[in-house]
Every structure is written in structure tokens, then in C-alpha cells.
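Examining the three-dimensional arrangement
This is what each chain is made of:
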Amino acid sequence: MTTEAIKKITISLPGNLAERLKKMNEEKRINGISKFCENAIRDGLKAYDKAQKARLMEEAASDPDFQARCEEIQRDFSALDYSEREGSNEW
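Residues numbered from 1 in each chain as written. Predicted model: local features only at pLDDT ≥ 70, side-chain atom pairs only at ≥ 80, totals over all residues. Heavy atoms only, no water.

The next point concerns the overall build of the protein. Each helix and strand counted, the protein has 4 helices and 0 strands in total. Expressed as a percentage of its 91 residues, the buried residues of the protein come to 4%. Just so you have it, the protein exposes about 8900 Å², and 54% of that area is on carbon and sulfur atoms. (Helix = DSSP H or I, 4+ residues; strand = E, 2+ residues; numbered from the N terminus. Buried < 20%, exposed > 50% of the residue type's maximum accessible area, 1.4 Å probe, protein only. Areas by Shrake-Rupley, 256 points an atom, 1.4 Å probe, with all protein chains shown as cover.)

So this is what it looks like as C-alpha cells:
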């Protein structure tokens, strides 16, 4: 795994959040303000990406062309559904 270059940016926080972070850092309850913010942003970006994918899947599910392609694929592979037709749970 390669180490990614660190790039500094400036962000603005409400005073109460900045003070809370500062206090948590002074009390050694977090492993540094930058690391805490990095992890929080990383988690937020993961949640954002997951929500975006869910939105795209919802759009696809209501797209008639997408539904038609899925049905076509199911028909194309229906001959391979041996265990379903024969009642076998071998796989």
C-alpha cells in the first residue's frame, strides 16, 4: 500500500465544535484533531457514496429499459437454473 501525500486545507467549524475537538485532543481522548477529522470525513464520504449507489439502483429499478435488459438476461440464463427446476439444493 502506498502512502498518499498529505495536503493541507483550511476548514471552518462552529466554535463549540472546535473547542470540543481541542479539549478531546488535550485530554488524549482522540489521536489528534487532524486524524479525527480525516476519519470522520472518510466515514462521511463512504456514507455519501453508499447513498449515491442506492439512489442509482432505485433509478435503475424504475427504468423500463433496464428492467427489460434484466428480464432478457434472466431468459438467456434460464436453462442454467437446473437446481431450481429439479428441486436440488446441491449447489
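A separate point is helix 1 (residues 15–26). Across its 12 residues, helix 1 extends 16 Å between first and last C-alpha, which sits within 8% of the 16 Å expected from 1.5 Å per residue. One or two steps after helix 1, the chain reaches Lys28, where phi turns positive at roughly 60°. (Expected span 1.5 Å × (residues − 1).)

Look at helix 1 against helix 2 (residues 33–61): their axes get within 10 Å of each other, and the N-to-C directions meet at 120°. Classified by the angle their axes make, helix 1 and helix 2 are oblique. Counted together, Leu21, Lys22, Met24 and Asn25 of helix 1 and Ile33, Phe36 and Cys37 of helix 2 form the full contact between these two elements. Here the residues of the contact of helix 1 with helix 2 are counted per class, giving 5 nonpolar, 1 polar and 1 charged. (Axes fitted to C-alpha atoms, helices over the stretch in contact; angles between N-to-C directions. Parallel < 35°, antiparallel > 145°, perpendicular 65-115°, else oblique. Contact = heavy atoms within 4.5 Å. Nonpolar A, V, L, I, M, F, W, Y, C, P; charged D, E, K, R; others polar.)

What follows covers the confidence of the model for the protein. Scored by pLDDT, the protein comes out at a mean of 89, with 87% of its residues at no less than 70. At the low end of the mean pLDDT range in the protein sits helix 4 (residues 82–86), at 59; at the high end sits helix 1, at 97. (pLDDT = per-residue confidence, 0-100.)

So, on to a nonpolar patch on the surface. On the surface, Ile9, Ile11, Leu13 and Leu17 cluster together to form a nonpolar patch covering roughly 390 Å² of accessible area. Mapped onto the secondary structure, Leu13 falls in the segment before helix 1. The exposure class of Leu13 is partly exposed, given its relative accessible area of 39%. (Patch = residues over 30% accessible without salt bridge, like charges linked within 9 Å, V, L, I, M, F, W, Y side chains within 5 Å. Salt bridge = Lys/Arg side-chain N within 4 Å of Asp/Glu carboxyl O.)

Let us now look at the environment of Met24. One can find Met24 in helix 1. You can call Met24 buried: its relative accessible area is 13%.

Here the focus is the environment of Gln67. With respect to the helices, strands and loops of the structure, Gln67 is situated in helix 3 (residues 64–77). Judged by relative accessible area, which is 35%, Gln67 ranks as partly exposed. Not counting residues up to four positions away in its chain, the partners in contact with Gln67 are Ala61 and Ser62. Engagement of the side chain of Gln67 in a polar contact is seen with the backbone oxygen of Ala61, the distance being 2.3 Å. (Polar contact = N/O pair within 3.5 Å; in protein donor to acceptor, adjacent residues only side chain to side chain.)

A side chain with one charge can pair with a side chain of the opposite charge if their charged atoms come near. Under the defined criterion, the tally for this structure stands at 4 salt bridges. Between Glu38 and Arg42 there is a salt bridge; the shortest N-O distance is 2.5 Å. Taken together, the residues Glu38 and Arg42, both in helix 2 and 4 residues apart, mark about one turn of the helix. What makes Glu38 partly exposed here is its relative accessible area of 31%. Across the pair Arg55 and Glu59 runs a salt bridge whose closest N-O atoms are separated by 2.3 Å. Pair noted here: Arg55 and Glu59 are both in helix 2, with a separation of 4 residues, about one helical turn. The exposure class of Arg55 is partly exposed, given its relative accessible area of 36%. A residue is classified by how much of its surface remains accessible, and Glu59, at 43% relative accessible area, is partly exposed.

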